[in-house]
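Listed below are the residues making up each chain.
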Amino acid sequence: MPDAPHENPYPDTHVLGEGPEPHPQLKPVLALMGRWHGGGSGQYPTLEQDFRYHQEIAFSHDGRPFLRYESRAWLVDGAGTALRPAGRESGWWRVLPDTSLEVVLAHPSGIVETYLGSVTGSGGGGELVVELATDTVACTPRAKEVTGMRRRYVLRDGELSIEQDMAALGLPLEHHLSARLRPRLP
């Protein structure tokens, strides 16, 4: 049996022009490639108070027709000082030939979501809009009850805005998160 390679021969890249060529089906979402950083605010009827957070998102690919997605957030106080880790999720955005999307996201809190959605625009000097709504939500026995999510990502003038609605704990879809992110330089 040959020795195992020392490096992954198929690495992900988040920088266009480095690593593998992006699959042609990724063209509608290529403007999202990279690392994004910014801040936002959140609220929900079951929470005692609204909150502020900072967030990092990374989109990468390995040459196949999907994006690897990872998001990390942490709560901050009014001065922007980090208080504690908050939401975290990772998964895959699969771009289909008709520019529709199938997305799978997993959370360490015991929630897995599948989304169906669409991409309009290109982000190349214009506006890119991604709209996603859950198809299914699965929760482990001790996870918070979440029954639905809706997300909207808008890339305009180099800023990625994200709006997220959530149906949880017996409530219908309600606004939950808003964030504004900018590209993070290497």
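In what follows, the structure referred to is the one given above.
Just so you know, these numbers come straight off a predicted model, no measurement behind them.

*Asks:* Is there a simple way to think about the overall build of the chain in this case?
*Replies:* The number of helices and strands found in the chain is zero helices and 10 strands. Ordered by position from the N terminus, the helices and strands of the chain form the series β-β-β-β-β-β-β-β-β-β. Scaling as 2.2 N^0.38, a compact globule of 186 residues should have a C-alpha radius of gyration of about 16 Å, and the chain matches this with 17 Å. Considering only C-alpha atoms, the chain reaches an extent of 55 × 45 × 35 Å along its principal axes. Considering the chain as a whole, with its 186 residues, one finds that 37% of them fall into the buried category. If you take every contact in the chain between residues at least 6 apart in sequence, the share linking residues at least 24 apart comes to 42%. Accessible surface, the chain as shown: approximately 10,700 Å² in total, 53% of it carbon and sulfur. Each charge class in the chain was averaged separately, 18 positive and 24 negative side chains, and the resulting centres sit 3 Å apart.

*Asks:* Just checking my understanding: could you explain the environment of W36 for this structure?
*Replies:* Relative to the helices and strands, W36 is located in strand β1 (residues 34-42). On the basis of relative accessibility, which here comes to 4%, the residue W36 falls in the buried class. Linking W36 and E127, residues 91 residues apart in sequence, is a C-alpha distance of 17 Å. Once residues lying within four places of it in the same chain are set aside, the contact partners of W36 are A31, Q55, E56, I57, F59, L155, G158, L160, L181, R182, P183 and R184. A polar contact is formed between the side chain of W36 and the backbone oxygen of L32, at a distance of 2.8 Å.

*Asks:* Mind showing me how you'd approach the pairing of strand β10 (residues 174-183) here?
*Replies:* Looking along a regular strand, one sees the side chains alternate between the two faces of the sheet. Across seven bridges, the pairing between β1 and β10 is antiparallel. In the sheet register, G40 faces β10, and the bridge partner there is A179. Sheet topology note: the strand β9 (residues 159-168)/β10 ladder contains seven bridges and is antiparallel. Bridged to Q164 within β10 is L177.

*Asks:* Would you mind going over the pairing of strand β8 (residues 146-156) with me for this structure?
*Replies:* Looking at chain direction, strand β7 (residues 127-139) and β8 are connected through seven bridges and run antiparallel. What sits directly across from V129, in β8, is V154. The antiparallel pairing of β7 with β8 creates a hairpin that spans six residues between the two strands. Bridge count for β8 against β9 is 10 bridges, and the pairing is antiparallel. Each bridged residue has a counterpart across the sheet, and for L155 the counterpart in β9 is L160. Connecting the antiparallel pair β8 and β9 is a turn made up of two residues, with D157 showing a positive phi of about 50°.

*Asks:* Looking at this structure, how should I read the sheet that holds strand β3 (residues 66-76)?
*Replies:* Taken together, the 10 strands give a closed barrel; going around it, the order is β1-β2-β3-β4-β5-β6-β7-β8-β9-β10, and neighbouring strands pair in antiparallel fashion. In this sheet, adjacent strand axes meet at a mean angle of 25° when their direction is disregarded.

*Asks:* So what exactly am I meant to see when it comes to the layout of surface pockets here?
*Replies:* Its boundaries defined by the atoms lining it, the largest pocket holds a volume of some 790 Å³. Taken together, 33 residues make up the lining of the largest pocket; nearest its centre are A86, G87, K144, H176 and L177. Sorting the residues of the lining of the largest pocket by element identifies β2 (51-60), β3, β4 (82-95), β6 (111-121), β8, β9 and β10 as the ones contributing at least two each. When residues in the lining of the largest pocket are grouped by element, the largest group, five residues, is from β4. When grouped by side-chain class, the residues that make up the lining of the largest pocket number 18 nonpolar, nine polar and six charged. As for the second largest pocket, its lining consists of 13 residues, of which H14, V15, M33, G34 and R35 are closest to the centre. The element best represented in the lining of the second largest pocket is β1, accounting for three residues. Counted by class, the lining of the second largest pocket contains nine nonpolar, two polar and two charged residues.

Parameters and conventions
- Each chain has its residues counted from 1, running along the sequence as written.
- With pLDDT at 70 or above as the cut-off, local features in this predicted model cover only qualifying residues; side-chain atom pairs require 80 or more to be listed or tallied, and sums for whole chains, interfaces and linings still use all residues.
- With hydrogens and water excluded, all non-hydrogen atoms of the structure serve as input to the side-chain values.
- Runs of E in the DSSP output that reach at least two residues are strands. Runs of H or I that reach at least four are helices, and both are numbered from the N terminus.
- Radius of gyration: C-alpha atoms only; globule rule: 2.2 Å multiplied by the number of residues to the exponent 0.38.
- Per-residue accessibility, obtained with a 1.4 Å probe over protein chains only, is compared with the maximum for each type, and a residue is labelled buried under 20%, exposed over 50%, and partly exposed between these values.
- A contact between two residues is defined here by any heavy atoms of the two lying within 4.5 Å.
- Each accessible area value is a Shrake-Rupley result obtained with a 1.4 Å probe; residue values ignore everything except the protein chains displayed when judging cover.
- The convention is simple: Lys and Arg are positive, Asp and Glu are negative, and His and the chain ends are not counted.
- A charged residue contributes its charge at one atom only: NZ of Lys, CZ of Arg, CG of Asp or CD of Glu.
- N or O atoms closer than or at 3.5 Å make up a polar contact, with two conditions inside protein: a donor-capable atom paired with an acceptor-capable one, and, for residues adjacent in sequence, both atoms drawn from side chains.
- For two strands to be treated as a pair, DSSP must find no fewer than two bridges joining them.
- Lines are fitted to the C-alpha atoms to define the axes, a helix being fitted only along its stretch in contact, and any angle between axes, read from their N-to-C directions, falls within 0 to 180 degrees.
- Space inside and on the surface of the protein is sampled on a 1 Å grid over the protein atoms alone, with a cavity defined as a set of points where a 1.4 Å probe fits but cannot get out and a pocket as an open set with protein on both sides within 12 Å along at least 5 of 7 lines; lining residues have an atom within 4 Å of a point.
- Grid points are joined across faces, edges and corners, and a volume is the space filled by probe spheres set on the points.
- Three residue categories are used. Nonpolar comprises Ala, Val, Leu, Ile, Met, Phe, Trp, Tyr, Cys and Pro, charged comprises Asp, Glu, Lys and Arg, and polar comprises the others, including Gly.

Don't take any of this as a statement about function, it's just geometry.
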